[in-house]
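Okay, here's what each chain looks like letter by letter:
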Amino acid sequence: MESEVEKEPYVYPPLRPSGLGGWLVLVQIGLIATFIQVSYQLVNYNIPSFSREYWGLLASPQGEMYHPLWAPTIIFEAAANGVLLLLTIFTLVLFYQKKALLPRMMIILYSVNLLIGIIDYVLVMNIPVASELEDGSSMRDLIRALFTCAIWTAYFRKSERVRYTFIR
């Protein structure tokens, strides 16, 4: 009778977190919410602010509420929201394709959003009429953007799920 060689059982490698689950669900919700919010702002606020009536009131020297910073602020906000919308769309495509570039793009997106918030805040606070109407919401939005940038940047740099999901 032949002796049977005892086979050692196959040891499977440990499962690592991967896929679009975990905290990445919140990232996905945030990206979609950003897309909707920025699109809404562009259509309902930024584009209409270039109308003859609105522009004439704020950005024209003959306007009732004229200030020299209104024109650069209006143009900056529209351009910034356009850039933010394009970055968000590009990031969503990378996210669903699970591309290796996504973690870097997420950090860029959060950083650009924070930078836009800072520049916009400085511009608005230097327009007397706008700064008088400020109710603290702009500062809250800026602080929220700062914490969002800090937390998610750390997550995208350290997370195992991110490392094992976005590898192509």
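Above this text you will find the structure in question.
Quick look at the structure, then. Remember, predicted model here, so these are calculated numbers, not experimental data.

1. Considerations on the environment of Tyr45
- Take Tyr45: it is sitting in helix α1 (residues 24-46).
- The class for Tyr45 is exposed, based on a relative accessible area of 52%.

2. Overview of helix α3 (residues 70-97)
- For α3, spanning 28 residues, the distance from its first C-alpha to its last is 40 Å, which sits close to the expected 40 Å at 1.5 Å a residue.
- Phi turns positive, to about 55 degrees, at Lys98, one or two residues after α3.

3. Description of the packing of aromatic side chains
- A complete count under the given rule lists six aromatic pairs for this structure.
- Taking 5.7 Å as the distance between ring centres and 20 degrees as the angle between the ring planes, the aromatic pair formed by Phe50 and Trp55 counts as stacked.
- Centroid distance Phe95 to Phe166: 5.9 Å. Interplanar angle 45 degrees. Geometry classified as tilted. Taken as a pair, Phe95 in helix α3 and Phe166 in the segment after α7 (160-165) lie far apart in primary sequence, 71 residues in all. Phe166 carries the same exposure label as Phe95, and that label is buried.
- Joined through ring pairs, the aromatic side chains of Phe95, Tyr96 and Phe166 make up one cluster.

4. Digging into the nonpolar core
- Counting residues in hydrophobic clusters, the biggest one holds 27 residues, and the most contacted among them are Leu24, Val27 and Phe156.
- Where this core is concerned, the elements lending two or more residues are α1, α3, α4 (102-125) and α6 (137-158).
- Leu24 has contacts with Gly19, Phe95, Tyr155, Phe156, Arg161, Val162, Thr165 and Phe166, leaving out every residue within four places of it along the chain.
- Within the second largest apolar cluster, six residues are counted, among which are Leu58, Ile74, Val124 and Ala130.

Calculation notes
Residues numbered from 1 in each chain as written. Predicted model: local features only at pLDDT ≥ 70, side-chain atom pairs only at ≥ 80, totals over all residues. Heavy atoms only, no water. Helix = DSSP H or I, 4+ residues; strand = E, 2+ residues; numbered from the N terminus. Buried < 20%, exposed > 50% of the residue type's maximum accessible area, 1.4 Å probe, protein only. Expected span 1.5 Å × (residues − 1). Phe/Tyr/Trp six-rings, centres within 6.5 Å; stacked < 30°, edge-to-face > 60°. Core = buried A, V, L, I, M, F, W, Y, C linked by side-chain atoms within 4.5 Å. Contact = heavy atoms within 4.5 Å.

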